[in-house]
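Examining the three-dimensional arrangement
Okay, here's what each chain looks like letter by letter:
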Amino acid sequence: MRQLAAGVLLAVGLLLLAFYLAPWRGTVPPGAPPPELAGEPDIYMESAVINQFQDDGTLQYRLAAQQVRTFDADRHTLLIGPDFSLYSPTAPPWRVSARRGDLHGLRDGADGVLVLSGEVVLHQTDPERGFTTVRTAELRVHPDPRYAETERDVMIETEAGRTFAQGLKADLERRILNLQADADGPVHTIVLPEQIGQ
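So, a few notes on the structure that sits alongside this text. Note that the structure is a prediction, hence the values are computed from the model and not measured.

1. Observations concerning the overall build of the chain
- A tally of helices and strands in the chain yields one helix and 14 strands.
- Across the 198 residues that make up the chain, the buried fraction comes to 32%.
- The long-range share in the chain, meaning contacts at least 24 apart out of those at least 6 apart in sequence, stands at 38%.
- A total accessible area of about 13000 Å² is found for the chain, and carbon and sulfur atoms account for 57% of it.

Here it is, written out as structure tokens:
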């Protein structure tokens, strides 16, 4: 009788253990982080390089940064010293750098925006058309579609000269720069002397 009782207890114990370890139970959600970690990023990287590829395997963009801090709660990524290259199958890449970047919504396949601030420089070198450099204090870049915009003052440099404007809407795919102006500051262009008469 004792052997039967011990066998039943052993069988019940094994069933309880199997139920406890069963895969259908799911995972236990993590508890709240300790107070000393409040406000800290969920992901932190230094000297990071992130490549995004298109469906056909070609490179869509490359994002490098001195520091990357991702906060999952508000789906926001802070970039320190970002250097962003946007590639196209029909044109040379555009490269933009700044002191700071804020990345919103580029994860999980969603269309997003990269907001760059502090000494922003957007540059492209085209073997046929020459170089184009845009300098501004803030720039919003939409990788898909390849588009950039700002309402801040901009200076555009090319081999022909310099142009100053009060804003910019740029179709980077077709290399069309739509300059913005207001009543206090019309678009102003300086043509280099060597370009006069050509």
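2. A word on unusual backbone geometry
- Between Asp-144 and Pro-145 the backbone carries a cis peptide bond, its omega angle lying at 10 degrees.
- Of note, the phi angle at Glu-119 is positive, near 50 degrees, even though the residue is not glycine.
- Phi at Arg-175 takes a positive value of approximately 60 degrees, unusual for a residue other than glycine.
- Mapped onto the fold, Arg-175 is located in the loop between strand S12 (167–171) and strand S13 (176–180).

3. Focus: a nonpolar patch on the surface
- Residues Ile-43, Met-45 and Ile-50 make up a contiguous nonpolar surface patch of about 210 Å² in total accessible area.
- With respect to the helices and strands, the residue Ile-50 is situated in strand S1 (residues 43–53).

4. As for the side chain of Arg-140
- Inspection of the secondary structure assignment puts Arg-140 in strand S8 (residues 130–142).
- Residue class for Arg-140 comes out buried when judged on its relative accessible area of 18%.
- Of the polar contacts made by the side chain of Arg-140, one reaches the side chain of Glu-151; its length is 2.8 Å.

5. Things to note about the environment of Tyr-87
- For Tyr-87, the location among the structural elements is in the loop between strand S4 (83–86) and strand S5 (94–97).
- Take Tyr-87: its relative accessible area is 24%, and that puts it in the partly exposed class.
- For the pair formed by Tyr-87 and Arg-62, sequence separation is 25 residues and the distance between their alpha carbons is 8.2 Å.
- Beyond its immediate stretch of four places on either side in the chain, Tyr-87 contacts Leu-59, Gln-60, Tyr-61, Arg-62, Pro-93 and Arg-146.

6. So, the pairing of S12
- Pairing analysis gives four bridges linking strand S9 (residues 147–150) to S12, with the strands arranged antiparallel. What sits directly across from Ala-148, in S12, is Ala-170.
- Relative to S13, S12 runs antiparallel, the two sharing five bridges. Following the sheet pairing, Gly-167 is matched in S13 by Gln-180.
- Here S12 folds back onto S13, and the loop between the two strands holds four residues, one of which, Arg-175, carries a positive phi near 60 degrees.

7. What to know about the nonpolar core
- Core analysis: the largest hydrophobic core is formed by 26 residues, its most contacted members being Phe-84, Val-96 and Val-141.
- At the level of secondary structure, the elements contributing two or more residues to this core comprise strand S2 (59–71), S4, S5, strand S7 (113–126), S8, strand S10 (154–158) and S12.
- Each residue touching Phe-84, except ones within four places of it in the same chain, is listed here: Tyr-61, Arg-62, Leu-63, Trp-94, Arg-95, Val-96, Leu-114, Val-141 and Pro-143.

Scoring rules and cut-offs
Residues numbered from 1 in each chain as written. Predicted model: local features only at pLDDT ≥ 70, side-chain atom pairs only at ≥ 80, totals over all residues. Heavy atoms only, no water. Helix = DSSP H or I, 4+ residues; strand = E, 2+ residues; numbered from the N terminus. Buried < 20%, exposed > 50% of the residue type's maximum accessible area, 1.4 Å probe, protein only. Contact = heavy atoms within 4.5 Å. Areas by Shrake-Rupley, 256 points an atom, 1.4 Å probe, with all protein chains shown as cover. Patch = residues over 30% accessible without salt bridge, like charges linked within 9 Å, V, L, I, M, F, W, Y side chains within 5 Å. Salt bridge = Lys/Arg side-chain N within 4 Å of Asp/Glu carboxyl O. Polar contact = N/O pair within 3.5 Å; in protein donor to acceptor, adjacent residues only side chain to side chain. Pairing = 2+ DSSP bridges. Core = buried A, V, L, I, M, F, W, Y, C linked by side-chain atoms within 4.5 Å.

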